[in-house]
Amino acid sequence: MFSHAIARKPCRSMVKGITSAKRGKPNFEIACEQHDDYILALQECGLSVTVLDALEAFPDSCFVEDVALFTPIGAILTHPGTSSRQGEVKFITEVVNQFYPCPDIIDAPGHLEAGDIMMVGGHFYIGLSGRTNRQGAQQLIHLLAKQGLSGSMVNMSGLPHLKRSLSYLENNNLLTFGEMHHHADFSDYNRIEMSANERYAASSVWINGTVLVPKGFPEALATIQSLGYASREVAMSEFQKLDGGLSGLSLRF
């Protein structure tokens, strides 16, 4: 169960954010409205939310999940594989220290973004991508072992982040899309495949028994509800334009 979350307001420079989505530039005003509703959804799930100020120098900084990882034991500051995002880490350090003093750190030549990390109990799946390399994953596995936790690397192709095609909903249920539906690393889970038209909904997120689902994907919503989960839709159109999902907009712990 989670009790806290950290989020960061979108900045006007988000229109220059990293993306391969080809859905046009995000509308800043609409993004702010959607972000406010996202914060409200977190609060409805019982979380106390610390909302950080926007960082205009970093267009992708609203995706705060990528720069730190919270485990059940402690915190780890990452080293993003995208050079334009590496400076974001120092701006998250102070608030992380408020909850977990002296967090561990991923160092170069290791690269790691937490959007590539999916936690299942005490195990962490680490996707190898253009943002997370083997050296970063190895460092993380070592740090997790010090906490009595475990990690393993997941090979994948063509994905900006692991959690863009996977979402663990607890109770052994796993939303999947594309290559992840048949990936050998996840054969023991009850895999629920999202259709091609609703692939974005694979990045839904479980919080304290409620699944936040991006708005506009009725098949995915019905499937999640049929599994017995409470659900809450959240409009994400402007963040989808930046390859961002629901999980990426907060650190939950």
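Read on for a plain summary of the structure. The shown structure was predicted, so the numbers you read here are calculated from the model rather than taken from an experiment. (Residues numbered from 1 in each chain as written. Predicted model: local features only at pLDDT ≥ 70, side-chain atom pairs only at ≥ 80, totals over all residues. Heavy atoms only, no water.)

What follows covers the overall build of the protein. For the protein, the helix and strand inventory stands at five helices and 15 strands. Here the protein has a C-alpha radius of gyration of 17 Å; the compact-globule value for 253 residues is 18 Å, and the two agree. Taken along the three principal axes of its C-alpha coordinates, the protein extends 45 × 40 × 35 Å. A total of 253 residues make up the protein; the buried ones form 57% of that total. A separation of at least 24 residues holds for 67% of the contacts in the protein among residues at least 6 apart in sequence. Total accessible area on the protein stands at roughly 10,600 Å², and carbon and sulfur atoms take up 50% of it. Charge-centre separation for the protein: the mean point of 20 positive side chains lies 5 Å from the mean point of 26 negative side chains. (Helix = DSSP H or I, 4+ residues; strand = E, 2+ residues; numbered from the N terminus. Rg over C-alpha atoms; globule rule 2.2 N^0.38 Å. Buried < 20%, exposed > 50% of the residue type's maximum accessible area, 1.4 Å probe, protein only. Contact = heavy atoms within 4.5 Å. Areas by Shrake-Rupley, 256 points an atom, 1.4 Å probe, with all protein chains shown as cover. Lys, Arg positive; Asp, Glu negative; His and termini not counted. Charge placed at Lys NZ, Arg CZ, Asp CG, Glu CD.)

Looking now at the nonpolar core. Side chains of a nonpolar character, in soluble globular proteins, are inclined to be buried together. Grouped together as the largest cluster of nonpolar side chains are 40 residues, with contacts concentrated most on Tyr 38, Leu 42, Ile 207, Leu 212 and Phe 239. Of all the elements in the fold, those that place two or more residues in this core are β1 (4–8), α1 (28–44), β12 (205–207), β13 (210–214) and α4 (218–226). It is α1 that contributes the most residues to this core, six residues altogether. Excluding residues that lie within four positions of it along the chain, Ile 207 makes contacts with Phe 2, Leu 42, Cys 45, Leu 47, Leu 212 and Arg 252. (Core = buried A, V, L, I, M, F, W, Y, C linked by side-chain atoms within 4.5 Å.)

A few words on the packing of aromatic side chains. Under the definition given, this model contains 12 aromatic pairs. Between Phe 63 and Phe 239 the ring centres are 6.2 Å apart and the planes differ by 85 degrees, which places this aromatic pair in the edge-to-face class. Here Phe 239 lies in helix α5 (residues 237–240) and Phe 63 lies in the loop between β2 (48–52) and β3 (68–70), a separation of 176 residues in the sequence. The pair Phe 63 / Phe 239 is uniform in exposure class, with both members buried. Put simply, the rings of Phe 70, Phe 99, Tyr 100 and Phe 253 touch in pairs and so form one group of aromatic residues. (Phe/Tyr/Trp six-rings, centres within 6.5 Å; stacked < 30°, edge-to-face > 60°.)

Moving on to the sheet that holds strand β11 (residues 190–193). Ordered by their spatial adjacency, three strands build an open sheet running β9-β10-β11, and the pairing between neighbours is mixed. Since the sheet does not close on itself, it has two edges, and those belong to β9 (166–168) and β11, each with one partner. The mean inter-strand angle of the sheet, taken between neighbouring strand axes irrespective of direction, is 25 degrees. As paired elements, strand β10 (residues 173–176) and β11 share four bridges and run parallel to each other. Across the sheet, Asn 173 pairs through a bridge with Asn 190, a residue of β11. (Pairing = 2+ DSSP bridges. Axes fitted to C-alpha atoms, helices over the stretch in contact; angles between N-to-C directions.)

All told, the structure shown has 10 salt bridges when counted by the stated rule. A salt bridge links Arg 232 to Glu 44, with the nearest nitrogen and oxygen atoms 2.8 Å apart. Of this pair, Arg 232 sits in strand β14 (residues 230–234) while Glu 44 sits in helix α1, and the two are 188 residues apart along the sequence. For Arg 232, a relative accessible area of 17% corresponds to the buried category. (Salt bridge = Lys/Arg side-chain N within 4 Å of Asp/Glu carboxyl O.)

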